[in-house]
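Analysis of the macromolecular model
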Amino acid sequence: MSAVPEPTTATGHPDPHEPDTSSPATRGAYQGRHREYDGRHRADPDGLSVWTTAQSTGPVQRRGRYVPESVKHPARMLPAIAAHAITAYTEPGDLVLDPMCGIGTTLVEAVHAGRDAFGIEYEPQWSNIADANIRHAHDHGATGRASVIRGDATRLMSLVPKALTGQVALVVTSPPYGPTVHGLVRPGADGVVKYDDRYNDGEDKGNLAYRDLTGLTDGFAQILAGCATLLRPGGIVVVTARPWRKHTELIDLPSAVIAAGRRAGLVPTERCVALLAAVRDDHLVARPSFFQLQQVRKARVAGMPMHLIAHEDVLIFTKRPSPQDSAGVVA
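We now turn to the structure provided with this report.

About the thresholds
- Residues numbered from 1 in each chain as written.
- Predicted model: local features only at pLDDT ≥ 70, side-chain atom pairs only at ≥ 80, totals over all residues.
- Heavy atoms only, no water.
- Pairing = 2+ DSSP bridges.
- Helix = DSSP H or I, 4+ residues; strand = E, 2+ residues; numbered from the N terminus.
- Contact = heavy atoms within 4.5 Å.
- Axes fitted to C-alpha atoms, helices over the stretch in contact; angles between N-to-C directions.
- Parallel < 35°, antiparallel > 145°, perpendicular 65-115°, else oblique.
- Left-handed = near helix turned anticlockwise from the far one by under 90°.
- Nonpolar A, V, L, I, M, F, W, Y, C, P; charged D, E, K, R; others polar.
- Buried < 20%, exposed > 50% of the residue type's maximum accessible area, 1.4 Å probe, protein only.
- Lys, Arg positive; Asp, Glu negative; His and termini not counted.
- Salt bridge = Lys/Arg side-chain N within 4 Å of Asp/Glu carboxyl O.
- Polar contact = N/O pair within 3.5 Å; in protein donor to acceptor, adjacent residues only side chain to side chain.

Describing the sheet that holds strand E9 (residues 231-241)
Taken in spatial order, the eight strands of this open sheet run E2-E12-E15-E9-E6-E3-E4-E5, and their pairing is mixed. A strand with exactly one partner marks an edge of an open sheet, and here the two such strands are strand E2 (50-51) and strand E5 (146-150). Summarising the sheet, strand E3 (residues 95-98) and strand E4 (residues 116-121) pair through four bridges and their orientation is parallel. When the bridges of E4 are listed, Leu-97 appears paired with Phe-118. Along the sheet, helix H3 (residues 79-89) makes contact with E2, strand E6 (168-173), E9, strand E12 (266-275) and strand E15 (311-319), crossing E6 at roughly 160°.

See the structure below:
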């Protein structure tokens, strides 16, 4: 399938993951591509590893389901990705965890699906919005329970009640990417102005987003080790990780996440693809971020045949059996 970029402009992007559809020149070409998000993202009955999680855009998926302040977070997970994982890997009443929950996307989708959930968030700004999103979900009929714990997820077991050890059915999370990938843009006197591209005011470097790739994966391995302790037997960890480009160099974050998971005592079992493009008959309609699109355009002008990245890797882990578990297995 060929990836066909949505109509875009270099200014006025309302969302880093979505094209500009506000101008008369692009509005006509975009008719019919926004479909309302209804929350019903079921696992494919054929067990396909490609998740069609961008049939509608991020703003459409969040509209009315999340509080407006949610747009300020620089790296929001698509609700359809979290919803698909929760539906595919859990049953109603199960407990779901996101140790880096941001504005609470995983938690919101869990409670709407009748699951219970809790999350950890380092930045007070985002944990407050996550709380607001959970209240908003309950106001709109969500039946699951959810809460947010403020703290550093690299010390997960010091934050979570011991009673939850071995109780978590599913972990859904994503590592941070940093300001080179996300943010919003608007036109300025000297061109495009970038904003809402940081996790905090820049003074507190405790956030993993401000570490280099080695530091990021080290911290993420600590987080996953805590998750492994909280998992129940047969529990699943789902990590979405997107490769990105920095100065045209491809940063292979998914492979780094797999290595971090192994170090944390987890076993990689699946590698799926969550599309960041809509499936339209015989082609894909890409939904690139402004920054990805800009990188590709610059590379092509320079003669490099670069292509848009139109997916996130979805890495599925299970907990490595303990010696006690293995002792009960008969060969």
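Quick word on the packing of H3 against helix H4 (residues 105-112)
Between H3 and H4, whose axes approach to 9 Å, the crossing angle comes to 50°. Between H3 and H4, the angle falls in the class oblique. Considering only the axes of H3 and H4, their crossing is right-handed. Contacts from Pro-79, Ala-82, Ala-83 and Ile-86 of H3 reach H4 at Thr-105, Thr-106, Glu-109 and Ala-110. For the contact of H3 with H4, the per-class residue count stands at five nonpolar, two polar and one charged.

Considering the side chain of Asp-98
With respect to the secondary-structure elements, Asp-98 resides in strand E3. Among buried Asp, Glu, Lys and Arg side chains, Asp-98 stands out as unpaired, with Arg-62 the closest opposite charge at 12 Å. Looking at Asp-98, its side chain comes within polar contact range of the side chain of Thr-106, at 3.1 Å. The residues contacting Asp-98, other than those within four sequence positions of it, are Thr-106, Leu-107, Phe-118, Gly-119, Ile-120, Val-172 and Thr-173.

So, the side chain of Asn-133
Here Asn-133 is to be found in helix H5 (residues 124-139). Polar side-chain contacts of Asn-133 include one of 2.7 Å to the backbone nitrogen of Val-67. There is a polar contact of 2.9 Å between the side chain of Asn-133 and the backbone oxygen of Ile-103. Not counting residues within four places of it along the chain, the set of residues in contact with Asn-133 comprises Tyr-66, Val-67, Ser-70, Ile-103 and Val-108.

Concerning the packing of H4 against H5
The N-to-C vectors of H4 and H5 enclose an angle of 15°; their axes lie 9 Å apart at closest approach. The angle between the axes of H4 and H5 places the two elements in the roughly parallel class. Relative to H5, the crossing made by H4 is right-handed. Along the contact surface, H4 presents Leu-107, Val-108, Val-111 and His-112, while H5 presents Asn-133, Ile-134, Ala-137 and His-138. Looking at the contact of H4 with H5 residue by residue, the classes come out as five nonpolar, three polar and no charged.

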